[in-house]
Amino acid sequence: MPIQVLPEEVAAKIAAGEVVERPVSVIKELVENALDAKATEIIIETGEAGKRLIEVADNGCGISYEELPLAIARFATSKLKTAEDLFNIRTLGFRGEALASIAAVSRLTLISCPPHAEHGGKIVVQGGKVETYEPAGVPPGTVVRVEDLFYNVPARLKFLKQDSTERNLINALISRYAVAYPEVRFRLVHDGKVFLQTYGHGDRREILATYYGVDVARQMLEVILEEPDLSIQGFTSPIALTRSNRRDITFFVNGRWIQDVALTSALLQAYHTMLMVGRYPISMLFIWLDPEAVDVNVHPTKAEVRFRQPERVFSAVQRAVRRALLAQPVGIHITPSVWSSGTSHQMIDPAWQMAADLKGGTAPNNAQEVPSPSEPNTSFPASPPLKQTLLPESRIPLLRLVGQVGATYLVAEGPDGLYLIDQHAAHERVLFERMWREREQGLAVQPLLNPQPIRVPGVRVDEFQHYIPLLQQWGFEVEPFGGDTFLIRSVPAILRNSDPVVILQSLLDSFEEDESLLEKETEARLIARICKRAAVKGGQVLSREEQEALLRDLEACESPRTCPHGRPTMIHLSVEVLERQFGRRGSR
Ligand code: ADP
Ligand code: MG
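Residues numbered from 1 in each chain as written. Chains lettered and ligands numbered in written order. Predicted model: local features only at pLDDT ≥ 70, side-chain atom pairs only at ≥ 80, totals over all residues. Heavy atoms only, no water.

S.K.: Before we go on, may I ask you to explain the overall build of the protein chain in this structure?
M.R.: Secondary structure assignment for the protein chain yields 18 helices and 24 strands. Residues counted as buried form 51% of the 588 residues belonging to the protein chain. For the protein chain, contacts bridging at least 24 residues in sequence account for 69% of all contacts bridging at least 6. Accessible surface for the protein chain amounts to roughly 28,000 Å². Of this, 54% is attributable to carbon and sulfur atoms. (Helix = DSSP H or I, 4+ residues; strand = E, 2+ residues; numbered from the N terminus. Buried < 20%, exposed > 50% of the residue type's maximum accessible area, 1.4 Å probe, protein only. Contact = heavy atoms within 4.5 Å. Areas by Shrake-Rupley, 256 points an atom, 1.4 Å probe, with all protein chains shown as cover.)

S.K.: I keep staring at helix H7 (residues 204-212) and nothing clicks. Help me out?
M.R.: In an α-helix there are 3.6 residues to a turn, and that puts residues three or four apart on one side. Residues of H7 that are buried: Arg-204, Ile-207, Leu-208, Ala-209, Tyr-211 and Tyr-212. Residue Asp-203 occupies the N-cap position of H7, its side-chain oxygen lying 3.0 Å from the main-chain nitrogen of Arg-205. (Polar contact = N/O pair within 3.5 Å; in protein donor to acceptor, adjacent residues only side chain to side chain.)

S.K.: Help me understand helix H14 (residues 461-473), please; the structure alone is not making it clear to me.
M.R.: An ideal rise of 1.5 Å per residue puts 18 Å on 13 residues; H14 measures up with 19 Å between its terminal C-alpha atoms. Maximum bend of H14: about 40°, positioned at Tyr-467, with proline Pro-469 one to four residues after it. Of the positions making up H14, those classed as buried are Val-461, Glu-463, Phe-464, Tyr-467, Ile-468, Leu-470 and Leu-471. With its phi angle positive at about 100°, Gly-475 sits one or two positions after the end of H14. (Expected span 1.5 Å × (residues − 1). Bend = angle between axes of the 7 residues up to and from the residue.)

S.K.: Is there a simple way to think about the sheet that holds strand E15 (residues 283-289) in this case?
M.R.: With mixed pairing, 5 strands are arranged side by side in an open sheet as E9-E10-E15-E12-E13. Edge strands, defined here as strands with exactly one partner in the open sheet, are strand E9 (221-227) and strand E13 (256-258). Within the sheet, the average angular offset between the axes of one strand and its neighbour, ignoring direction, is 20°. Across the sheet, H7 is in contact with E9, strand E10 (230-236) and E15; its angle to E10 comes to roughly 45°. Lying over the sheet, helix H9 (residues 261-270) contacts E10, strand E12 (249-253), E13 and E15, oriented at roughly 120° with respect to E12. (Pairing = 2+ DSSP bridges. Axes fitted to C-alpha atoms, helices over the stretch in contact; angles between N-to-C directions.)

S.K.: When you look at the site of ligand 1 in this model, what are you seeing that I'm missing?
M.R.: Close to ligand 1 lie 20 residues; Asn-33, Thr-77, Ser-78, Lys-79 and Gly-96 are nearest. Between ligand 1 and Lys-79 there is a distance of 2.7 Å, counted from an oxygen atom to a side-chain nitrogen or oxygen. In the complex, 93% of the free accessible area of ligand 1, which totals 530 Å², lies under the protein chains. Contributing elements (two or more residues each) for the shell around ligand 1: helix H2 (23-36) and helix H4 (98-104). Grouping the amino acids of the shell around ligand 1 by side-chain chemistry returns 9 nonpolar, 7 polar and 4 charged. (Near = heavy atom within 4 Å. Nonpolar A, V, L, I, M, F, W, Y, C, P; charged D, E, K, R; others polar.)

S.K.: Can you walk me through the nonpolar core in this structure?
M.R.: Generally speaking, nonpolar side chains in soluble globular proteins are found buried as a group. In terms of nonpolar packing, the biggest core is built from 66 residues, with Ile-42, Leu-108, Leu-110, Ile-174 and Phe-186 touching the most fellow members. No other element matches the 8 residues that helix H6 (residues 163-180) contributes to this core. Other than its neighbours up to four places away in sequence, Phe-186 contacts Val-31, Leu-35, Ile-42, Ile-44, Ile-174, Tyr-177, Ala-178, Tyr-181, Leu-196, Gln-197 and Thr-198. Among the nonpolar cores identified, the runner-up in size contains 35 residues, and Ile-258, Leu-275, Ile-287 and Leu-289 belong to it. (Core = buried A, V, L, I, M, F, W, Y, C linked by side-chain atoms within 4.5 Å.)

S.K.: I keep staring at the pairing of strand E20 (residues 417-422) and nothing clicks. Help me out?
M.R.: In regular strands, side chains alternate between the two faces of the sheet. In terms of strand pairing, strand E19 (residues 409-414) meets E20 through 6 bridges, oriented antiparallel. Each residue of the ladder has a partner; that of Gly-414, found in E20, is Gly-417. The loop that links E19 with its antiparallel partner E20 comprises 2 residues. Where E20 meets strand E24 (residues 570-574), 5 bridges bridge the pair, whose relative direction is antiparallel. Each bridged residue has a counterpart across the sheet, and for Leu-420 the counterpart in E24 is Ile-571.

S.K.: Please explain the packing of H2 against H6 as it appears in this structure.
M.R.: To describe two helices that pack against each other, one gives the angle between their axes and the distance between the axes. Their axes nearest at 9 Å, the elements H2 and H6 cross at an angle of 20°. Considering their axes alone, H2 and H6 lie roughly parallel with respect to each other. Our pair here, H2 against H6, has a crossing hand that is right-handed. In this structure, H2 uses Pro-23, Val-24, Ile-27, Lys-28, Val-31, Glu-32 and Leu-35 to contact H6, whose residues at the interface are Glu-166, Leu-169, Ile-170, Leu-173, Ile-174 and Tyr-177. A class-by-class count of the residues in the contact of H2 with H6 yields 10 nonpolar, no polar and 3 charged. (Parallel < 35°, antiparallel > 145°, perpendicular 65-115°, else oblique. Left-handed = near helix turned anticlockwise from the far one by under 90°.)

S.K.: Sorry if this is basic, but what is going on with the pattern of salt bridges here?
M.R.: Opposite charge on two side chains allows them to pair when their charged atoms are near. Taken as a whole and assessed by the stated rule, the structure comprises 29 salt bridges. The salt bridge involving Glu-29 is made with Lys-302; its shortest N-O contact spans 3.3 Å. One end of the pair, Glu-29, is in helix H2; the other, Lys-302, is in the loop between strand E16 (294-295) and strand E17 (306-307), and 273 residues separate them in sequence. Across this residue pair, the class does not change: Glu-29 and Lys-302 are buried. With a shortest N-O distance of 3.1 Å, Asp-462 and Arg-167 are connected by a salt bridge. With Asp-462 in helix H14 and Arg-167 in helix H6, this pair connects stretches of sequence that are 295 residues apart. It is possible to trace a salt-bridge network through shared partners that takes in Lys-28, Glu-29, Glu-32 and Lys-302. (Salt bridge = Lys/Arg side-chain N within 4 Å of Asp/Glu carboxyl O.)

S.K.: Which parts of the structure should I look at to understand the pairing of strand E7 (residues 185-190)?
M.R.: Looking at chain direction, strand E1 (residues 41-47) and E7 are connected through 6 bridges and run parallel. By the bridge assignment for E7, Ile-42 is matched with Phe-186. Here E7 runs beside strand E8 (residues 193-197); their pairing, made up of 4 bridges, is antiparallel. Within the sheet, the bridge partner assigned to Val-189 lies in E8 and is Val-194. The hairpin turn running from E7 into E8, its antiparallel successor, is 2 residues long, and Asp-191 in that turn takes a positive phi close to 45°.

S.K.: Is there a simple way to explain the sheet that holds E24 in this structure?
M.R.: The strands that make up a sheet are held in pairs by hydrogen bonds between backbone atoms, and each pair lies either parallel or antiparallel. As summarised here, the arrangement of the 4 strands in space is E18-E19-E20-E24, forming an open sheet in which the pairing is antiparallel. Both edges of this open sheet fall to strand E18 (400-405) and E24, since each of them pairs with a single strand only. If you compare each strand with its neighbour and ignore which way they point, the axes differ by 20° on average. Judged from the 5 bridges that link them, E18 and E19 form a sheet pairing that is antiparallel. Following the sheet pairing, Leu-401 is matched in E19 by Ala-412. Running over the sheet, helix H13 (residues 423-441) touches E18, E19 and E20 and is turned about 80° from E20.

S.K.: Is there a simple way to explain the environment of Val-253 in this structure?
M.R.: By secondary structure assignment, the location of Val-253 is in strand E12. Taking C-alpha positions, Val-253 is 8.7 Å from Val-294, a pair spaced 41 residues apart along the chain.

S.K.: Would you mind showing me how to read the packing of aromatic side chains here?
M.R.: Each pair of aromatic rings is reported with the distance of its centres and the angle of its planes. Tallying each qualifying case throughout the model produces 9 aromatic pairs. Measuring from centroid to centroid gives 5.1 Å for Tyr-177 and Phe-252, while their planes differ by 80°, and the two rings are edge-to-face. Taken as a pair, Tyr-177 in helix H6 and Phe-252 in strand E12 lie far apart in primary sequence, 75 residues in all. The exposure classification of Tyr-177 matches that of Phe-252, with both residues buried. Geometrically, the ring pair formed by Phe-307 and Phe-314 is edge-to-face, given 6.4 Å between the ring centres and 90° between the ring planes. Sitting over the face of the ring of Phe-286, Arg-204 holds its NZ or CZ atom 4.0 Å from the ring centroid. The ring of Phe-94 is capped by Lys-302, whose NZ or CZ atom sits 5.8 Å from the centre of that ring. (Phe/Tyr/Trp six-rings, centres within 6.5 Å; stacked < 30°, edge-to-face > 60°. Lys NZ or Arg CZ within 6 Å of the ring centre and 35° of its normal.)

Encoded structure:
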């Protein structure tokens, strides 16, 4: 085939392919345009998850009637003039190709009017060809309507996922932008239903709650770091609040949502040794630096950036996040030697390790090498690491109850030493295994005398609905009650004494729209949550009978040594450890 210059419309479609991959990418471009136009209110509407209709309306600076044709022309932008400007970008857009690209693969209507103009205008483009161009009396601001996306690129249409998935992507995008721009009012409407509404109050945590739920939003730790030419603000989850994937790790750089693998690993470094394998934090960090220190022109959808001093940015992220984590109260793990007076060996506590890191010292990464931080020259041999004192993952021997300590721990004696059992973690484990067993024979269910209504944040209704059959299997009878309200008719019997609404709310928070997650994993996580709710708490006094029953139940468990979240249920102090610690054995 001879080499030919491609016809204009073919070239346009190819270019569009880079920017416009799916409905959410259209919305991203349009919302960024509205933000660039300094809008304080942005309303996003979709029909059929954006396939039939996307409309973004804003109250920004508008486009004059005369400039409308330019706005939809390729490489036409009001945001930069010269090539040098590319290295000092202060707007989200700069290539002048988004509207042109969208217009090439849809029917696009652009209606706009600057605040003090005599009149505005309307232009309609179909498949890149102008159909209508006329003056119009419209309120200030801009409305972009995109209909029948990909009508002329059927291959693209085929690649789109089911509506709920496309909508979830849109929800995730808008919620993130809503948190990033708390002074802007956002409203997201799918098929006439409001899914997200923010009020421009400027309170980021409040907006976080509309997406992640109040429970998660309340727990998130605040991240703040101020340095010359570099600031970081945002939120990151405490170590107990994690996800099974990295999808809830979000970075904004100079107001732009970017995906950066290196930044993500910098963040994960800050959590090093604190999270279980395969668990990831929820984080939303807003990084601001001199526009000249970032190259934003490196990716077709501007989803990646290049830092002039990447190391500086990564280390700032780490420091900021560590500081936030350190500020939270963390439990101290204590080795057996706490009982030998004056020699308190602390286990390698993540917080301690970080403190050491921050002070410039290197914390040993393995408990075996830990000398006591308070008393390095102890005459006793270093205590064996806690990990070794935990028996291998298997059944536990029969135990003799000694009693309860601090209304939180059970003390028991086994043939091989002393056991300290965390009553909450242990009960969680017991309930977890019981629920799985019972499911085979039919789970005990407690119907509610008065069915309880529960309201679900608009953006999560679809997701919630998706889980209803699963919830049903586990004893929650839930049915839609119109809009974002559902009725709870029953709960699993083990939860009969808990508030059903609070429980479902917390379950909802634990759901992640993760298609890659196996059904079994989602289910296990759900059950773990239920058990966490139902289990006795630390600080609860148990009768002798209850303590006994808990021990017997724990002995009968398949995996008695960890709770369903993977934390230990017990500490075992072997006879040998005790003898060492009391100086009855070992070198002096
Ligand atoms: P870019 O954002 O890269 O400049 P676009 O194709 O997205 O390119 O938009 C082209 C131009 O149209 C912008 O530079 C801006 O001047 C104008 N424009 C687009 N959307 C809006 C809007 N919502 N409000 C005001 N002006 C807009
Ligand atoms: Mg743009």
